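Chain residues, written in single-letter form:
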Amino acid sequence: MANKKPDMVVFNEEKQQYNAAFLPYATSFSAPQIKAPNNGSWKSSQIYKANKHLKTKYEALKSEYEALMQVLEYNELITASKFSFEPIIGEIYHLYNNSKKQPFLSIINPETCSFDYLGSFCLTSDYLWQKIDSDVELALLNQ
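Criteria and thresholds
- Residues numbered from 1 in each chain as written.
- Predicted model: local features only at pLDDT ≥ 70, side-chain atom pairs only at ≥ 80, totals over all residues.
- Heavy atoms only, no water.
- Pairing = 2+ DSSP bridges.
- Helix = DSSP H or I, 4+ residues; strand = E, 2+ residues; numbered from the N terminus.
- Axes fitted to C-alpha atoms, helices over the stretch in contact; angles between N-to-C directions.
- pLDDT = per-residue confidence, 0-100.
- Patch = residues over 30% accessible without salt bridge, like charges linked within 9 Å, V, L, I, M, F, W, Y side chains within 5 Å.
- Areas by Shrake-Rupley, 256 points an atom, 1.4 Å probe, with all protein chains shown as cover.
- Salt bridge = Lys/Arg side-chain N within 4 Å of Asp/Glu carboxyl O.
- Buried < 20%, exposed > 50% of the residue type's maximum accessible area, 1.4 Å probe, protein only.
- Core = buried A, V, L, I, M, F, W, Y, C linked by side-chain atoms within 4.5 Å.
- Contact = heavy atoms within 4.5 Å.
- Polar contact = N/O pair within 3.5 Å; in protein donor to acceptor, adjacent residues only side chain to side chain.
- Phe/Tyr/Trp six-rings, centres within 6.5 Å; stacked < 30°, edge-to-face > 60°.

1. Side note on the sheet that holds strand 4 (residues 103-106)
Taken in spatial order, the four strands line up as 4-3-5-6 in an open sheet, and their pairing is antiparallel. The sheet is open, and its two borders are formed by strand 4 and strand 6 (129-132), each paired with just one other strand. Neighbour to neighbour, the strand axes of the sheet diverge by 35 degrees on average, direction disregarded. In the sheet, strand 5 (residues 116-123) pairs with strand 6 via four bridges, with the strands oriented antiparallel. Note on strand 6: the bridge partner recorded for Phe121 is Lys131.

2. Things to note about the confidence of the model for the protein chain
Scored by pLDDT, the protein chain has a mean of 83; 87% of the residues are at 70 or more. Helix 1 (residues 40-80) holds the highest mean pLDDT among the elements of the protein chain, 92, whereas helix 2 (residues 135-142) holds the lowest, 52.

3. Regarding a nonpolar patch on the surface
Taken together, the side chains of Tyr65, Met69 and Leu72 present a nonpolar region at the surface, about 290 Å² in accessible area. Along the polypeptide, Met69 turns up in helix 1. Taking relative accessible area as the criterion, Met69 reaches 36% and is therefore assigned partly exposed.

4. Overview of the nonpolar core
Ranked by size, the top nonpolar core spans eight residues in total: Tyr74, Ile78, Tyr93, Leu95, Leu105, Phe121, Leu123 and Trp129. Secondary structure elements with two or more residues in this core: helix 1, strand 3 (92-97) and strand 5. Those residues in contact with Tyr74, other than ones at most four positions away along the chain, are Phe121, Trp129 and Lys131.

5. Digging into the environment of Ser120
Tracing the backbone through its elements, the reader meets Ser120 in strand 5. Overall, Ser120 belongs to the buried group, its relative accessible area being 1%. Separated by 12 residues in sequence, Ser120 and Ile132 place their C-alpha atoms 5.4 Å apart. Reaching out from Ser120, the side chain makes a polar contact with the side chain of His94 at a distance of 2.7 Å. A distance of 2.5 Å separates a polar atom in the side chain of Ser120 from a polar atom in the side chain of Tyr117.

6. Focus on the pairing of strand 4
Two strands pair when backbone bridges link them, and strand 3 and strand 4 are joined in this way by four bridges, in the antiparallel orientation. For His94, the partnering residue across the bridge sits in strand 4 and is Ser106. What sits between strand 3 and strand 4 in their antiparallel hairpin is a turn of five residues, with Lys101 showing a positive phi close to 65 degrees.

7. Notes on the packing of aromatic side chains
Each pair of aromatic rings is reported with the distance of its centres and the angle of its planes. The full count for this structure, using the stated rule, is eight aromatic pairs. Relative to Trp129, the ring of Tyr93 lies with its centre 5.8 Å away and its plane at 80 degrees, an arrangement referred to as edge-to-face. Here the residue Tyr93 occupies a position in strand 3, and Trp129 occupies one in strand 6, the gap between them amounting to 36 residues. A residue is classified by how much of its surface remains accessible, and Trp129, at 7% relative accessible area, is buried. Residues Phe104 and Phe115 carry aromatic rings whose centres are separated by 5.0 Å and whose planes lie at 85 degrees to one another, so their mutual orientation is edge-to-face. Of this pair, Phe104 sits in strand 4 while Phe115 sits in the loop between strand 4 and strand 5, placing them 11 residues apart in sequence. Overall, Phe115 belongs to the partly exposed group, its relative accessible area being 41%. A network of ring pairs unites the aromatic residues Phe83, Phe85, Tyr93 and Trp129 as a single cluster.

In structure tokens:
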């Protein structure tokens, strides 16, 4: 017990030497206080960035889902409609309601027909019906 050094003295018993200078932390009462860095602002900015990234991905997926649901709705509508021909891929067809409000598919342009026009559609190579929205698209596909 007589050989024991005071608590504030850093002495390595195995090597029998003072090793305060070799330690990675302060060993003196007068050494600066060790404080954990405040990373709260970093965490909050990272959380904000992560949330923004996830929200952007969510919005993209939601938009893609809504577009797929629209394609599904068009395909169900056209498949349930009446037509007496085999549609050709890449050709434009027009969907109308007859006098009994039943949908039918036709090759007749809306300008020359007096039925209730619902829209123009093109059959894609994967056998999905794509709605043609504008007159420009319609003119380009008719060429």
